[in-house]
Amino acid sequence: MSERLKERLMQLKFISSMFSMAMDEFNNVMGPESIQTIFRLMGEKVGESVEKRIKQKYKVDSWTPELFAEKFVSDVLEPAMGEGEAEISINGNELSVILKLCPFKKAGIKIDNKFFCTYTEGLLETAAKKAFPDVEFRSIKLRAVDNCDCNFSLTIK
């Protein structure tokens with residue numbers, strides 16, 4: 001490993017450590033509900049921007065569930081999680097989203113507080129609601145709670 005790479009790794013470890021300590025203090029001062037609200041809002045903002053970005057990138061006039069699933073996995077989920085770590089299956093008007101890896105946990109961040117789950121929920125729900133006029137979103141299972149793959153349901157009405 002080069003000296004430059006070792007130096008960068010040390011910087012990232014420092015940033016990660018500071019982030020972790022900051023999250024603990026934010027939680028102590030503001031409480032978990034406020035933190036979850038902030039992460040939900042962040043996810044919603046990102047969900048809105050990624051739907052717009054991939055819609056423009058692929059020149060989509062009107063989303064189909066199949067096109068949305070394909071592009072959302074390849075352009076949003078896989079870059080954050082890795083190839084094969086996310087899938088969206090379609091059954092009629094229902095999309096089942098499975099996340100096999102938590103990028104936050106992989107980065108060494110404590111996830112049991114569900115802060116990052118609310119980010120993911122906001123991202124998925126908002127992107128789907130921007131793509132389709134009427135969507136019902138449900139969290140089925142969360143790694144932070146159930147210690148399993150995350151599972152979400154999007155029903156297009």
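Residues numbered from 1 in each chain as written. Predicted model: local features only at pLDDT ≥ 70, side-chain atom pairs only at ≥ 80, totals over all residues. Heavy atoms only, no water.

Peer 1: Any chance you could break down the overall build of the protein for me, citing the residues and the numbers?
Peer 2: What the protein contains, in helices and strands, is six helices and four strands. Counting from the amino terminus, the protein carries its helices and strands in the arrangement α-α-α-β-β-α-α-β-α-β. For the protein, the spread of C-alpha atoms along the three principal axes comes to 50 × 40 × 25 Å. Counting contacts in the protein only where the partners sit at least 6 residues apart, residues at least 24 apart contribute 51% of the total. Surface exposure of the protein reaches about 9500 Å², of which carbon and sulfur atoms provide 54%. Computed over 23 positive and 24 negative side-chain charges, the inter-centroid distance for the protein is 4 Å. (Helix = DSSP H or I, 4+ residues; strand = E, 2+ residues; numbered from the N terminus. Contact = heavy atoms within 4.5 Å. Areas by Shrake-Rupley, 256 points an atom, 1.4 Å probe, with all protein chains shown as cover. Lys, Arg positive; Asp, Glu negative; His and termini not counted. Charge placed at Lys NZ, Arg CZ, Asp CG, Glu CD.)

Peer 1: I'd like to hear about the packing of aromatic side chains, residue by residue, with values.
Peer 2: Applying the stated criterion across every chain yields a total of nine aromatic pairs. Aromatic side chains Phe 39 and Phe 115 sit 6.4 Å apart centroid to centroid with 10 degrees between the ring planes, which places their arrangement in the stacked category. With Phe 39 in helix α2 (residues 32-57) and Phe 115 in helix α5 (residues 115-131), this pair connects stretches of sequence that are 76 residues apart. In terms of burial, Phe 39 and Phe 115 fall into one category: buried. (Phe/Tyr/Trp six-rings, centres within 6.5 Å; stacked < 30°, edge-to-face > 60°. Buried < 20%, exposed > 50% of the residue type's maximum accessible area, 1.4 Å probe, protein only.)

Peer 1: Any details on the pattern of salt bridges? Residues and values, ideally.
Peer 2: Per the counting criterion, the structure on display carries 12 salt bridges. In this structure, Lys 57 and Asp 75 form a salt bridge, with 2.7 Å as the shortest nitrogen-oxygen distance. Remark: Asp 75 occurs in helix α3 (residues 65-81) and Lys 57 occurs in helix α2; sequence separation between them is 18 residues. Several salt bridges converge on common partners, so that one network encompasses Arg 40, Glu 44, Glu 125 and Lys 129. (Salt bridge = Lys/Arg side-chain N within 4 Å of Asp/Glu carboxyl O.)

By themselves, these are just geometric observations and shouldn't be taken as functional.
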